[in-house]
Each structure stands twice: as structure tokens, then as C-alpha cells.
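Observations on the three-dimensional arrangement
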Amino acid sequence: MVVEVFKTNVQKEDDKNYVIAVIQKQFPDYKVNFDLEDCDKILRIEAVALKAENIVDYVNCLGYDCVALE
């Protein structure tokens, strides 16, 4: 399993739920969660074969900022 962590600008619970639902529809095998309490509004994704750049592009296309953290 690979875990990738991303900094986002997702602020609201509704936005969080929307992003999770859309990612899980596109990538049904991914385990997705947010930590909106963190100052970086962290998005964590766990999967077997995960490419961070795909998630960044996908979330950006949804209208949110998303940057992979090292």
C-alpha cells in the first residue's frame, strides 16, 4: 500500500464530502480521507497503485488547489 498526503484549500464539510465522493467514483479502490482541522486541509489517499500527479490534476480540475506533500 502507498499513502500519499496532499495540501488542499478545501474548507467546508460539503466540499470535503464532494471531493471524496468524486475521487472514490473515479478510483473505487482508493481509501480517501480529509483532515480539515489541519492548517493545510490535508487529503490522504491510500492505494496499491497510486500516482500523486493524477490526484493533483483531478482535484485541480474540480476547482480546488491540491499539492502533493513530500
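In case you missed it, the structure is sitting above this.
Here the structure is a predicted model, which means the values were calculated and not measured.

1. Some points on the overall build of the protein
- Scanning the protein from N- to C-terminus turns up two helices and four strands.
- Listing each helix as α and each strand as β along the protein from the N terminus yields β-α-β-β-α-β.
- Judged by the C-alpha coordinates and their principal axes, the protein covers about 30 × 25 × 20 Å.
- Here the protein, with 70 residues, has 37% of them falling under the buried criterion.
- The long-range fraction of contacts in the protein, counting pairs at least 24 apart against all pairs at least 6 apart in sequence, stands at 58%.

2. Describing the pairing of strand 1 (residues 2-8)
- As paired elements, strand 1 and strand 3 (residues 42-47) share five bridges and run antiparallel to each other. In the strand pairing of strand 3, glutamate 4 is matched with isoleucine 45.
- Here three bridges tie strand 1 to strand 4 (residues 66-68), and the two strands are oriented antiparallel to one another. Looking at the pairing, lysine 7 lines up with valine 67 of strand 4.

3. Some points on the environment of valine 2
- When you line up the elements, valine 2 lands in strand 1.
- Placed 38 residues apart in sequence, valine 2 and aspartate 40 show a C-alpha to C-alpha distance of 20 Å.
- Once residues lying within four places of it in the same chain are set aside, the contact partners of valine 2 are Ile45, Glu46, Ala47, Val48 and Leu50.

4. Description of the sheet that holds strand 3
- The antiparallel open sheet is built from four strands, whose spatial order is 2-3-1-4. Edge positions in the sheet fall to strand 2 (31-35) and strand 4, since each has one partner strand and no second. Here the average twist between neighbouring strands, direction ignored, is 25°.
- Set on the sheet, helix 2 (residues 52-61) makes contact with strand 1, strand 3 and strand 4; between it and strand 4 the angle comes to about 170°.

5. With respect to unusual backbone geometry
- One non-glycine residue with positive phi stands out, namely lysine 41, at about 50°.
- Along the chain, lysine 41 falls in the loop between strand 2 and strand 3.
- On the basis of relative accessibility, which here comes to 15%, the residue lysine 41 falls in the buried class.

The rules behind the values
Residues numbered from 1 in each chain as written. Predicted model: local features only at pLDDT ≥ 70, side-chain atom pairs only at ≥ 80, totals over all residues. Heavy atoms only, no water. Helix = DSSP H or I, 4+ residues; strand = E, 2+ residues; numbered from the N terminus. Buried < 20%, exposed > 50% of the residue type's maximum accessible area, 1.4 Å probe, protein only. Contact = heavy atoms within 4.5 Å. Pairing = 2+ DSSP bridges. Axes fitted to C-alpha atoms, helices over the stretch in contact; angles between N-to-C directions.

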